[in-house]
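An overview of the molecular structure
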Amino acid sequence: MLSISQTSNGCYCIEWSSTENGPKIINYKHVPINETLSDISTFKRLISTIKPVLQDQESNTMSITLNSNQYILSQLKYDSRLHSKDFTKWYQKYILTNSFNDIYDIYYYPLYNQNIFMTLSIMKSLKNKLIKNAHDIGYNLIYLSADIFSAS
């Protein structure tokens, strides 16, 4: 698997495979590219700099972790008398604008023992471009996450 983690000073790239003894690191590199990976030329430049070893041999899977410039993070208090799915549907229909819903995919994460969701919104166009860019260079993007969920 090729894992790419965006940071404010570039991308950390780790190529690894799973073994019975845990992950085996095949290739590791920090690439000081600060442009968005939704641009295919930036994406190709990043991959050519890494020079992946496993793509043709064992694995063509990819994971990408986005930095905080690539998504919106917020919190949303909800009424505990409503089922959470009913509340999120109501929220998206009556509170958010149609434009926002058309542009963003919204993910809701309930906070433990509170009536609050942490919401993460990512532009649909960015998500789709990342999937397409990975596919166009021979990878299957199987994991897309935000840096707040990552130890990177």
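Report follows, based on the coordinates. Within every chain, residues take consecutive numbers counted from 1 along the sequence as written. The predicted origin of the model limits local features to residues at a pLDDT of at least 70 and limits the giving and counting of side-chain atom pairs to 80 or more, whereas totals for whole chains, interfaces and linings rest on all residues. The side-chain figures draw on all heavy atoms in the structure; neither hydrogens nor water molecules are used.

With that out of the way, let us pick up the sheet that holds strand β5 (residues 72-77). Spatial ordering of the open sheet is given by β5-β7-β6, a layout of three strands whose pairing is antiparallel. Looking at which strands have only one partner, the edges of the open sheet turn out to be β5 and β6 (104-110). The average undirected angle you get between the axes of adjacent strands in this sheet is 25°. Together, β6 and β7 (116-123) form the strand contacts of helix α4 (residues 124-136), whose direction differs from that of β7 by roughly 60°. The rule for pairing is simple: two strands pair if DSSP sees at least two bridges between them. Helix and strand definitions here come from DSSP, where helices need a minimum of 4 consecutive H or I residues and strands a minimum of 2 consecutive E residues; each element is numbered from the N-terminal end. To get an axis, fit a line to the C-alpha atoms, keeping to the stretch in contact for a helix; angles then go from 0 to 180 degrees between the N-to-C directions. Should any heavy atoms of two residues lie within 4.5 Å, those residues are counted as being in contact.

We now examine unusual backbone geometry. One non-glycine residue, Lys51, lies in the positive phi region at around 55°. Within the fold, Lys51 resides in the loop between α1 (40-50) and β4 (61-66).

Turning next to the pairing of β7. Within β7, seven of the eight residues are buried, leaving the element largely enclosed by the surrounding structure. Pairing geometry for β6 and β7, over seven bridges, is antiparallel. Among the inter-strand pairings, Tyr104 is bridged to a residue of β7, identified as Met123. Following β6, the chain reverses through five residues before pairing antiparallel with β7; Asn113 in that reversal takes a positive phi of roughly 60°. To sort residues, take the accessible area from a 1.4 Å probe on protein chains only and compare it with the maximum for the residue type: under 20% means buried, over 50% means exposed, and anything in between is partly exposed.

Turning next to the pattern of salt bridges. By convention in these notes, a salt bridge is any Lys or Arg side-chain nitrogen within 4 Å of a carboxyl oxygen on Asp or Glu. Within the structure shown, the criterion is met by four salt bridges. Asp105 is paired through a salt bridge with Lys127; the nearest N and O atoms lie 3.2 Å apart. In this pair, Asp105 sits in strand β6 while Lys127 sits in helix α4, placing the two residues 22 residues apart along the sequence.

When helix α2 (residues 84-94) is considered as a whole, its buried residues turn out to be Phe87, Thr88 and Tyr91. Considered in projection along α2, the buried side chains sweep an arc of 95° and stay on one side of the axis. Looking at α2, the residues exposed on the side facing more than 90 degrees away from the buried face are Lys85, Lys89, Lys93 and Tyr94. Its buried side turned inward, α2 meets β5, β6 and β7. In this description, one arc is meant: the one made by directions from the helix axis to the C-beta atoms.

On to a nonpolar patch on the surface. The residues that make up patches have over 30% relative accessible area and no salt bridge, and they are joined within 9 Å when like-charged or within 5 Å when they are Val, Leu, Ile, Met, Phe, Trp or Tyr. What sets the accessible areas is the Shrake-Rupley method with a 1.4 Å probe; for residues, cover comes only from the shown protein chains. A contiguous nonpolar surface patch, about 420 Å² in accessible area, is contributed by Leu73, Tyr107, Tyr109, Ile148 and Phe149. You can see Leu73 is positioned in strand β5.

The subject of this paragraph is the state of the cysteines. Disulfides are covalent bonds that link the sulfur atoms of two cysteine residues. By convention in this document, the label disulfide applies to cysteine sulfur atom pairs within 2.5 Å. Evaluated as defined, the whole model comprises zero disulfides. Cys11 carries a free sulfur, and the closest cysteine sulfur to it, the one in Cys13, is 5.6 Å from it. Residue Cys13 is classed as buried on the basis of its relative accessible area, which comes to 1%.

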